[in-house]
Amino acid sequence: MPDPVSRRTILTGAAALVALPAQALISDPGTASAVTDAAQRFLSQADPAARFPLSGEEPTRWHWTNIRRFPRNGQVLSSMDGTQRQAAMDLVDASLSPEGTVRARQIMALERLINRDPDAYYWSVFGEPGEGDWGWRLEGHHLSHHFRISGDRVSPVPFFLGAWPNRGADGRRPLGEIEDLARDLVAGLPEDARRAAIVADRARPGHVTGNASRASAPGLQGLNLSDAGAAAAGRDLAATYLASLPKAQRDAALARATAGPMHLSWRGPLDVDRPHYWRLQGSAFTLEWDDTRNNSDHVHSVWRDYDADFDPSVGG
């Protein structure tokens, strides 16, 4: 397994950046080139079902639920021969960080534990890689990753990660570090600050932002982390979630997210394996975490950027 991305490295790189303007893609020439090359190789092997124009409703049609409840379009992994499958996974590797590819593979493997097909994931390419604006999507149960590319610039949001069960057959928790950091952050606050952060004794199911193509900013709730001297801990939590992205993208997204105050709200008990919901949010983003289903063994989490989701400056 690749070494996890150092949170210290992420924060150090982000500190040197300024917040991105609204509707701006992230300059990442190395990744943009690698993703374009990988997408061209994939399309040279893929079925026509994988191709779509970068227009209409399909590029922003998305969900995280299982494919029976929300059918997907694209080429499904289970239909691919060995060459196609390798090209498809190469595209994932080019688009994510090493930690991100590990998370994605672990989440896909969890499907076996709930008697579902771990190959029921769909690859969709929008537009023509290397010829103007284009994008691609990996989606299925508990994975919804979207990338828009324009020249050497990339937008990776919205970005969804889920897990059911929370622990794989090998005992590893694909999203465990994120959950532990959030719980430890709230539990470690001074009493007054902890009371401000915990806004309800019971968790709320689902996400406020839902699966709309453009997320509306929820009202700020909970604790302004700066007021409790916990802004660094909030940045650490955001950085750990964003570690699925290549360095330039995660650093820029982190800088954009932390350009102003961040609020953290928690609903439910702090005990492990009890239903809970938390939200980290600022003026530009919301990170939502919902672990309320199946005896608190079923996570839904998503990063939404109010201006950059499905970046409207790219095609369409």
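Residues numbered from 1 in each chain as written. Predicted model: local features only at pLDDT ≥ 70, side-chain atom pairs only at ≥ 80, totals over all residues. Heavy atoms only, no water.

(A) Highlighting the nonpolar core. Phe42, Trp123, Trp136, Trp278, Leu280 and Trp303 are the most contacted members of the largest nonpolar core, which has 66 residues in total. Excluding residues that lie within four positions of it along the chain, Leu280 makes contacts with Leu225, Gly234, Leu237, Ala238, Met262, His263, Leu264, Phe285, Thr286 and Leu287. (Core = buried A, V, L, I, M, F, W, Y, C linked by side-chain atoms within 4.5 Å. Buried < 20%, exposed > 50% of the residue type's maximum accessible area, 1.4 Å probe, protein only. Contact = heavy atoms within 4.5 Å.)

(B) Region of interest: the confidence of the model for the chain. Chain-level statistics for the chain give a pLDDT mean of 91 and a share of 91% at 70 or above. Across residues 1-23 the pLDDT falls below 50, and counting only partners more than four positions away or on other chains, this stretch makes 47 contacts in the model. (pLDDT = per-residue confidence, 0-100.)

(C) Here's a closer look at the pattern of salt bridges. Within the structure shown, the criterion is met by 18 salt bridges. Arg51 is paired through a salt bridge with Glu128; the nearest N and O atoms lie 3.1 Å apart. Of this pair, Arg51 sits in strand E2 (residues 51-52) while Glu128 sits in the loop between strand E4 (122-126) and strand E5 (134-140); the two residues are 77 residues apart in sequence, bridging distant segments of the chain. Residue Arg51 is classed as partly exposed on the basis of its relative accessible area of 41%. Taking the shortest distance from any N to any O, the salt bridge between Arg293 and Asp290 comes out at 2.3 Å. By relative accessible area, Asp290 is classed as buried at 0%. Connected via shared salt-bridge partners are Arg173, Glu179, Asp180 and Arg183. (Salt bridge = Lys/Arg side-chain N within 4 Å of Asp/Glu carboxyl O. Helix = DSSP H or I, 4+ residues; strand = E, 2+ residues; numbered from the N terminus.)

(D) Inspection of the packing of aromatic side chains at higher detail. Evaluated as defined, the whole model comprises seven aromatic pairs. Between the aromatic rings of Trp136 and Phe147, the centroid separation amounts to 5.5 Å while the plane-to-plane angle is 15°, which identifies the pairing as stacked. Of this pair, Trp136 sits in strand E5 while Phe147 sits in strand E6 (residues 143-150), and the two are 11 residues apart along the sequence. Using a relative accessible area of 4% as the deciding quantity, one classes Phe147 as buried. Every member of this aromatic cluster is reached through a ring pair, and the members are Trp62, Trp64 and Phe160. Above the plane of the ring of Tyr277 lies Arg204, whose end atom (NZ or CZ) is 5.5 Å from the centre. (Phe/Tyr/Trp six-rings, centres within 6.5 Å; stacked < 30°, edge-to-face > 60°. Lys NZ or Arg CZ within 6 Å of the ring centre and 35° of its normal.)

(E) Geometry of helix H4 (residues 98-110). If you check H4, its first and last C-alpha atoms are 19 Å apart, about what 13 residues at 1.5 Å a residue would give, namely 18 Å. If you check which residues of H4 are buried, you get Glu99, Gly100, Thr101, Val102, Arg103, Ala104, Gln106, Ile107, Met108 and Leu110. As for H4, its buried residues are in contact with helix H3 (82-95), E4, E6, strand E8 (159-163), helix H5 (176-187) and helix H7 (231-242). (Expected span 1.5 Å × (residues − 1).)

(F) Quick peek at the pairing of strand E12 (residues 276-281). Counting buried residues along E12, six of its six residues qualify, which places the element largely inside the surrounding structure. A two-sided burial pattern is seen for E12, the buried positions comprising His276, Trp278 and Leu280 on one face and Tyr277, Arg279 and Gln281 on the other. Taken together, the five bridges between strand E11 (residues 263-267) and E12 define a ladder with antiparallel strand orientation. What sits directly across from Trp266, in E12, is Trp278. Relative to strand E13 (residues 285-291), E12 runs antiparallel, the two sharing six bridges. Bridging across to E13, Leu280 finds its partner in Leu287. The antiparallel pairing of E12 with E13 creates a hairpin that spans three residues between the two strands. (Pairing = 2+ DSSP bridges.)

(G) A look at the pairing of E4. Among the five residues that make up E4, five are buried, leaving the element largely enclosed by the rest of the structure. Both faces of E4 are covered, namely the face carrying Tyr122, Ser124 and Phe126 and the face carrying Trp123 and Val125. Relative to E4, E2 runs parallel, the two sharing two bridges. Across the sheet, the residue bridging to Arg51 is Val125, located in E4.

(H) Representation of the environment of Asp305 in the model. Within the secondary structure, Asp305 sits in strand E14 (residues 299-305). Remark: the alpha-carbon pair of Asp305 and Asn211, spanning 94 residues in sequence, is separated by 13 Å. Setting aside its immediate chain neighbours within four residues, Asp305 contacts Val157, Arg256, Ala284 and Phe285. A polar side-chain atom of Asp305 sits 2.7 Å from a polar atom in the side chain of Arg256. (Polar contact = N/O pair within 3.5 Å; in protein donor to acceptor, adjacent residues only side chain to side chain.)

(I) Just the packing of H5 against H7, in detail. Viewed as axis vectors pointing N to C, H5 and H7 meet at an angle of 170°, and their least axial separation amounts to 9 Å. Between H5 and H7, the interaxial angle falls into the category roughly antiparallel. At the point where H5 passes H7, the crossing takes the left-handed sense. Within the contact between the two elements, H5 uses Glu177, Ile178, Leu181, Ala182 and Leu185 and H7 uses Ala233, Gly234, Asp236, Leu237, Thr240 and Tyr241. Each residue belonging to the contact of H5 with H7 can be placed in one class, and the counts come to seven nonpolar, two polar and two charged. (Axes fitted to C-alpha atoms, helices over the stretch in contact; angles between N-to-C directions. Parallel < 35°, antiparallel > 145°, perpendicular 65-115°, else oblique. Left-handed = near helix turned anticlockwise from the far one by under 90°. Nonpolar A, V, L, I, M, F, W, Y, C, P; charged D, E, K, R; others polar.)

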